[in-house]
Amino acid sequence: MSTAEKTLEQGWKAQQAGDPHLAERFDRQVLAEVSRNESAWCYLGMAMHDQQRYHEAIAAYEKSLAIQPKFHITLNNLGNTYRLMRRLDKAVE
């Protein structure tokens, strides 16, 4: 397992433990080293979403999808963020 993967795993554990601020730090650490990591962008989007920073979550999800357009986890999370923003047209899209 690479260093980036280990750091992402730590971020995921922080996210699951209910600490999106700590998860964000881990995710950003990975992105500082490997900016084209679709999983790190997706995880960062989840951390932003859980902090109710929805516009930042959408931006992170879009970066994830720019790397891997059919990343189903990212697509699902993007739709959920748009739904919470009451942008049902974008959520369905």
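Residues numbered from 1 in each chain as written. Predicted model: local features only at pLDDT ≥ 70, side-chain atom pairs only at ≥ 80, totals over all residues. Heavy atoms only, no water.

A.B. asks: Whenever I open this one, the overall build of the protein confuses me. Can you help?
C.D. replies: A tally of regular secondary structure across the protein gives six helices and zero strands. The secondary structure elements of the protein, listed N-terminal to C-terminal, are α-α-α-α-α-α. Since a compact globule built from 93 residues should have a radius of gyration of about 12 Å, the 12 Å found for the protein is in line with a globular shape. Expressed along its principal axes, the backbone C-alpha trace of the protein runs to roughly 40 × 25 × 15 Å. For the protein, the residues scored as buried account for 41% of the 93 residues in total. Residue pairs in contact within the protein that sit at least 24 positions apart in sequence constitute 42% of those at least 6 positions apart. (Helix = DSSP H or I, 4+ residues; strand = E, 2+ residues; numbered from the N terminus. Rg over C-alpha atoms; globule rule 2.2 N^0.38 Å. Buried < 20%, exposed > 50% of the residue type's maximum accessible area, 1.4 Å probe, protein only. Contact = heavy atoms within 4.5 Å.)

A.B. asks: I would appreciate a short explanation of the nonpolar core in the present structure.
C.D. replies: Soluble globular proteins tend to bury their nonpolar side chains together. Of all hydrophobic cores here, the largest spans 21 residues; its most connected members are Leu44, Tyr61 and Leu78. Those elements giving two or more residues to this core turn out to be α1 (3-16), α2 (20-33), α3 (38-50), α4 (54-67) and α5 (72-84). When residues of this core are assigned to their parent elements, the largest contribution, seven residues, is made by α3. (Core = buried A, V, L, I, M, F, W, Y, C linked by side-chain atoms within 4.5 Å.)

A.B. asks: Could you clarify how one ought to interpret the packing of aromatic side chains in this entry?
C.D. replies: Any pair of aromatic rings gets described here by the distance separating the centres and the angle formed by the planes. One pass over the full model with this rule turns up one aromatic pair. Aromatic pair tryptophan 12 and tyrosine 43: ring centres 5.3 Å apart, planes at 25°, arrangement stacked. Of the two residues, tryptophan 12 sits in helix α1 while tyrosine 43 sits in helix α3, which places them 31 residues apart along the sequence. (Phe/Tyr/Trp six-rings, centres within 6.5 Å; stacked < 30°, edge-to-face > 60°.)

A.B. asks: Help me out: how do you make sense of α4 in this one?
C.D. replies: For an α-helix, 3.6 residues make a turn, and residues three or four places apart therefore share a direction. Across its 14 residues, α4 extends 20 Å between first and last C-alpha, which sits within 8% of the 20 Å expected from 1.5 Å per residue. Within the span of α4, buried status applies to Tyr54, Ala57, Ile58, Ala60, Tyr61, Ser64 and Leu65. For α4, the angular spread of buried residues about the axis comes to 165°, placing them on one side. Exposed side of α4, more than 90 degrees from the buried face: His55 and Ala66 are the residues found there. In this structure, the buried residues of α4 make contact with α3 and α5. (Expected span 1.5 Å × (residues − 1). Arc of directions from axis to C-beta.)

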